[in-house]
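Here is how the chains run, residue by residue.
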Amino acid sequence: MSAIPHIFSKEYLGKPIYSASLAFFRCVFGLMILASTIRFWLKGWIEELYVQPTFFFKYYGFEWVQPWGQYTWVLFLIMGVSALLFALGLFYRWSSVVLFLSFTYIELLDKTNYLNHYYFVSLVLFLMIWLPANANFSIDARRRPALLKRHIPLWTTGSIRLMLALVYCYAGLAKLNSDWLAEAMPLRLWLPANNHLPLIGPLLNKVWVAYAFSWFGAVYDLTIPFFLLNRATRPFAYLTVIVFHTMTAILFPIGVFPYVMIVSTLIFFDSATLDTLLRKSKNYLTMLPVATAGNMFIFAPLQQRLVSLLFGVFFAIQVVLPWRYLLMPGELFWTEEGFRFSWRVMLIEKMGYAQFIVKDAATRQVVPVNNNDFLTKNQEKMMATQPDFIVQYAHLLAGYYKARGMHEPEVYATIYVTLNGRRSALYTDTSVNLAKEYDSFAHKKWITEFRDNIYGL
């Protein structure tokens, strides 16, 4: 029992480790963001996702985040340049702030594009602002040699490890539900779509393979942080990380998330090993000086107290936030109220068909809505299954028709949704005027009751 408080003691968290681990993480994380930025540009996603749409779905409380139109390219350029400076450790404090702000601003532009790994990157970038990641292997240290330190406190890399452990453990806990474990859903729907793959393709049609993937995924998420923390099991655990996430990347179209996790889990490796590697590389990468003396980075007392308080609040929020769905009535997978920002990765296959009408309150004239006139294909797909999207879209329609002379437009929706292979069911109360409903953290009572049971966390 004494070991538990010991690992949270000031003496343990403040013990020196080699700064090479945090410096290496800074480099690979920054370069990964830079590569992702270039990928967005090359694939035309900047234009498709952030320039062409005429409407953007806002996060509640962040309605003030506005698109830049054609100047969105400038925003991505700022992000790419700051990612490069971040990786090189040049003007690190400023580049880390700019990178966090630009990356997060882009993600707040349209929640249609929400992905768990984007949220994870924003959180890690926020933590990195406060860490001495330029104390080694950085251009800043070349410009200011006094900055070069071979050792940093354990809690600096420990905070990144804790963030990763929370992601994995919450993802594992979320998989402890009857759809995932007892029905192998939604993997039973997804895996056969890859039956064209060589060697493993025919196996993906087998139901037992879906069950094997489901159970292994839950066990993997719940245990991998602990195997990575253990020096004896770390090499084998990291090999599992590579294999698991590479398979995920091959089988499922979830963007760069697998590569984010492969890169990020390098922070678990022994700092002494990375220190040795960096010192061996100093003759080849002379632009980035390597600390060889045994000096220690020391936070000023006030700075230490402020950062400790900030990180304490930050991690308290991260621990509590995924459980907010318990305050909401109804089935989480159906309502999705509390689903985002809780590390529920690849748990549901949800499709919807949404038909809207707008009614003039004075003349009772009814106008059917063509969703394609207002939304992109991806926006319409996301809107048809998520209540906060539905409310925002209803207000868009009401505003549009009011501007064209309709008196107090009323908006009604008939939406059918299928969840994890179940039969399609009515999702919204068709008698509710959605133009009078508002987005908030409160439960949306116009969502119909889920007619089945999903057991688990």
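In what follows, the accompanying structure is described. Computed from a predicted structure; not experimentally measured. (Residues numbered from 1 in each chain as written. Predicted model: local features only at pLDDT ≥ 70, side-chain atom pairs only at ≥ 80, totals over all residues. Heavy atoms only, no water.)

What follows covers the nonpolar core. Judged by nonpolar contacts, the single largest core of 133 residues is most densely connected at Met 128, Met 163 and Phe 356. The contacts of Met 163, once residues within four sequence positions are left out, are Phe 120, Leu 123, Val 124, Leu 127, Phe 314, Phe 315, Gln 318 and Trp 343. Core analysis: the second largest hydrophobic core is formed by 10 residues, Ala 20, Cys 27, Leu 90 and Phe 137 among them. (Core = buried A, V, L, I, M, F, W, Y, C linked by side-chain atoms within 4.5 Å. Buried < 20%, exposed > 50% of the residue type's maximum accessible area, 1.4 Å probe, protein only. Contact = heavy atoms within 4.5 Å.)

Turning our eyes to something else, we now look at the packing of helix α3 (residues 20-42) against helix α14 (residues 257-264). Packing of α3 against α14 brings their axes to within 10 Å, and their N-to-C directions diverge by 170°. Compared by their axis directions, α3 and α14 come out roughly antiparallel. Pair α3 / α14 crosses with right-handed handedness. Residues Phe 25, Val 28, Phe 29 and Met 32 of α3 touch α14, and the partners they reach there are Tyr 259, Val 260, Val 263 and Ser 264. In terms of residue class, the contact of α3 with α14 is built from 7 nonpolar, 1 polar and no charged. (Axes fitted to C-alpha atoms, helices over the stretch in contact; angles between N-to-C directions. Helix = DSSP H or I, 4+ residues; strand = E, 2+ residues; numbered from the N terminus. Parallel < 35°, antiparallel > 145°, perpendicular 65-115°, else oblique. Left-handed = near helix turned anticlockwise from the far one by under 90°. Nonpolar A, V, L, I, M, F, W, Y, C, P; charged D, E, K, R; others polar.)

Positionally, Gln 386 belongs in the loop between α18 (377-383) and α19 (387-403). In sequence terms Gln 386 and Lys 350 are 36 residues apart; their C-alpha atoms lie 9.7 Å from each other. Non-local contacts of Gln 386, meaning those with residues more than four positions away in its chain, are made with Glu 336 and Arg 340.

When two helices pack together, their arrangement is given by the angle between the helix axes and the distance between those axes. Between helix α7 (residues 116-129) and helix α16 (residues 301-320), whose axes approach to 12 Å, the crossing angle comes to 165°. Our classification of the angle between α7 and α16 gives roughly antiparallel. Where α7 crosses over α16, the two elements pack in a sense that is left-handed. Here Tyr 119, Leu 123, Phe 126 and Leu 127 of α7 come into contact with α16, specifically with Leu 310, Phe 311, Phe 314, Phe 315 and Gln 318. In terms of residue class, the contact of α7 with α16 is made up of 8 nonpolar, 1 polar and no charged.

Don't take any of this as a statement about function, it's just geometry.
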